[in-house]
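The residues making up each chain are set out below.
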Amino acid sequence: MADKILVTRSSMPDYEEYCEEIKGLWDSHWLTNMGAKHQELQTELEKFLEVPHVVLYTNGHLALENVLAAMNFPKNGEVITTPFTFASTTHAIVRNGLVPVFCDIDPVDYTIDVTKIEALITDKTCAIVPVHVYGNICRVEEIQRIADKYGLKVIYDAAHAFGVRYKGVSSACFGDASMFSFHATKVFNTIEGGAVCFKKDYLVQLLNDMKNFGIHGPERVEFVGGNAKMNEFQAAMGICNLRHLDREIGKRKAVMERYRERLSGTEGITLCPLQADVEPNYAYCPVVFEPTLFGSTRNEVFAALAENGIGARKYFYPLTNTFDCFHGAYDINNTPVALHISKRVLTLPLYADLSLEDVDRICDVILRCKNGK
Ligand SMILES: *Cc1c(COP(=O)(O)O)cnc(C)c1O
């Protein structure tokens, strides 16, 4: 049988390049706590993302938890968000003692449906946490208009949107803050890692203290913080990977174009269209299978791919508002579009080094599923 194809494969610099980057650590013996590599990556990212402030984290989830905590919302405050996302988004809200209020998604790009936000606002609403899902940019202008009208904060889960631009503006610049994930599976990785990006100066010290136990100075601990610092080896990986980002995104683009060539136009298959005014990062290749037209269900396609040694992902299934841990607290019928898509979507293998021959192999298996063949 041909080699297995996994759904993703982490981008890595050459071995020698990484070794060169970490060499100095054997001289300094400074391994974490905002060392030289951490500072260098932070500066590089502020430049690359064209945003005044970047605070680095050991992962994206803790970045999101901390920035929500930094907003100091009242306990049990309501946060409008979507269930068509990774567990992290909803968990960050709940773990802050806040209440997620689930809004449905747009049927075309799967971001929050802005026409349904205002009906969910109550006197307890304190924020909107939209997700740039698959790297698709949310309706940022309309979200800001609503937030301004009702005095709400907007924190973007931009985990998928690293390097994406909308109308020429970096995805790091919208709302009150944006969280990025630099997990191994993301377009840009620091092994594990993440960041909060924002414009307001006051958040810099607060977030830096929060990720370091609330320690403000050598003899001063101002609040009960946790530990979420990025270490020097993570930062060094980021410095290397950032050098090759353009090339990596270019290769992802070629893969994505091959998928489009092979799959678009097939009855019952929907590929997520490119958004107007958006420079994409080709983070994911979501495909929606409509069984009545395609002749096979998403689960049948998933099984056929698995039989052929190809890993796809039911991403995002199940919806976060159906998770066992919430014991049915949320009515999933409030988000019918999200439910519909989550039952039909598969993300196909997509990474910079995926060969076009492998893309053809994947598409052959999918097209053989047409009409249950
Ligand atoms: C990856 C991801 C996160 C969390 O990132 P980690 O770095 O793995 O903690 C949050 N939200 C979304 C949508 C993600 O895909």
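Values in this document were obtained by computation on a predicted structure and should not be read as measured data. (Residues numbered from 1 in each chain as written. Predicted model: local features only at pLDDT ≥ 70, side-chain atom pairs only at ≥ 80, totals over all residues. Heavy atoms only, no water.)

Engineer: So what exactly am I meant to see when it comes to the nonpolar core here?
Structural biologist: L45, F84, I117, Y259, L305 and I366 are the most contacted members of the largest nonpolar core, which has 90 residues in total. Taken domain by domain, this core gets at least three of its residues from each of domain 1 (15-243) and domain 2 (245-372). Core analysis: the next-biggest nonpolar cluster, separate from the first, contains 26 residues, A70, V79, V129 and A159 among them. (Core = buried A, V, L, I, M, F, W, Y, C linked by side-chain atoms within 4.5 Å. Buried < 20%, exposed > 50% of the residue type's maximum accessible area, 1.4 Å probe, protein only. Domains from an automatic or database assignment.)

Engineer: Which parts of the structure should I look at to understand unusual backbone geometry?
Structural biologist: For residues other than glycine, phi is negative in most cases, and the peptide bonds are mostly trans. F316 follows Y315 through a cis peptide bond whose omega is 20°. Within the fold, F316 resides in the loop between α11 (298-307) and α12 (336-342). The omega torsion of the bond from Y317 to P318 falls at -5°, within 30 degrees of zero and hence cis. Within the secondary structure, P318 is located in the loop between α11 and α12. The backbone of F213 shows a phi angle near 65°, a positive value even though the residue is not glycine. Mapped onto the secondary structure, F213 falls in the loop between α7 (202-210) and β10 (215-217). Under the relative-accessibility criterion, F213 is labelled partly exposed at 39%. (Helix = DSSP H or I, 4+ residues; strand = E, 2+ residues; numbered from the N terminus.)

Engineer: Which parts of the structure should I look at to understand the site of the ligand?
Structural biologist: Neighbouring residues of the ligand: 16 residues in total, closest G60, D157, H160, S181 and K186. The backbone of H61 places a nitrogen or oxygen atom 2.8 Å from an oxygen atom of the ligand. Here K186 contributes a side-chain N or O atom positioned 3.1 Å from an oxygen atom of the ligand. Here the ligand, which alone exposes 380 Å², has 94% of that area covered by the protein. Of all the elements in the fold, those that place two or more residues in the shell around the ligand are α4 (60-70), α5 (87-94) and β8 (177-181). (Near = heavy atom within 4 Å. Polar contact = N/O pair within 3.5 Å; in protein donor to acceptor, adjacent residues only side chain to side chain. Areas by Shrake-Rupley, 256 points an atom, 1.4 Å probe, with all protein chains shown as cover.)

Engineer: Please explain the pattern of salt bridges as it appears in this structure.
Structural biologist: Summed over the entire model, instances satisfying the criterion amount to 27 salt bridges. Of the charged contacts in the structure, one is a salt bridge between R243 and E17, with a shortest N-O distance of 2.6 Å. Taken as a pair, R243 in helix α8 (residues 232-243) and E17 in helix α1 (residues 15-22) lie far apart in primary sequence, 226 residues in all. A relative accessible area of 47% means that R243 is categorised as partly exposed. A salt bridge links K253 to E257; the nearest nitrogen and oxygen atoms lie 3.9 Å apart. Taken as a pair, K253 and E257 lie in helix α9 (residues 245-263) at a separation of 4 residues, close to a single helical turn. Accessibility expressed as a relative area gives 35% for K253, which makes it partly exposed. Within the structure, one salt-bridge network assembled from shared partners comprises E17, E21, K37, E40 and R243. (Salt bridge = Lys/Arg side-chain N within 4 Å of Asp/Glu carboxyl O.)

Engineer: Is there a simple way to think about α8 in this case?
Structural biologist: The periodicity of an α-helix, 3.6 residues per turn, causes residues three or four places apart in sequence to face the same way. Here α8 spans 17 Å end to end across 12 residues, near enough to the 16 Å set by a 1.5 Å rise per residue. Judged by how many residues are buried, α8 sits mostly within the fold: 10 of 12 residues are covered. Of all the residues in α8, the buried ones are E232, Q234, A235, A236, M237, G238, I239, C240, N241 and L242. Buried residues in α8 make contact with α1, α2 (25-28), α3 (36-48) and α9. Here α8 starts with a cap whose side-chain oxygen sits 2.9 Å from the backbone nitrogen of F233, and that cap is N231. (Expected span 1.5 Å × (residues − 1). Contact = heavy atoms within 4.5 Å.)

Engineer: Before we go on, may I ask you to explain the sheet that holds strand β14 (residues 285-289) in this structure?
Structural biologist: Spatially, the 3 strands line up as an open sheet ordered β12-β14-β15, and their pairing is antiparallel. The sheet is open, and its two edges are formed by β12 (269-271) and β15 (345-348), each paired on a single side. This sheet shows a mean twist of 30° between the axes of neighbouring strands, independent of strand direction. As judged from the 3 bridges shared by β12 and β14, these two strands associate in the antiparallel manner. Opposite L271, over in β14, you have V287 as the bridge partner. Running at roughly 30° to β15, α11 makes contact with β14 and β15 of the sheet. (Pairing = 2+ DSSP bridges. Axes fitted to C-alpha atoms, helices over the stretch in contact; angles between N-to-C directions.)

Engineer: Quick question: what am I supposed to make of the side chain of H160 here?
Structural biologist: Tracing the backbone through its elements, the reader meets H160 in the loop between β5 (153-157) and β6 (165-166). Overall, H160 belongs to the buried group, its relative accessible area being 6%. Of the polar contacts made by the side chain of H160, one reaches the backbone nitrogen of Y134; its length is 2.8 Å.

Engineer: Just to check I follow, could you spell out the packing of aromatic side chains for this structure?
Structural biologist: Two descriptors summarise a pair of aromatic rings, namely the distance from one centre to the other and the angle between the planes of the rings. Considering all chains together, one arrives at 19 aromatic pairs under this definition. Geometrically, the ring pair formed by F102 and Y330 is edge-to-face, given 4.9 Å between the ring centres and 80° between the ring planes. With F102 in strand β3 (residues 99-102) and Y330 in the loop between α11 and α12, the pair connects residues that are 228 residues apart, well separated along the chain. Taking the centre distance of 6.3 Å and the plane angle of 5° together, the rings of F323 and F326 count as stacked. (Phe/Tyr/Trp six-rings, centres within 6.5 Å; stacked < 30°, edge-to-face > 60°.)

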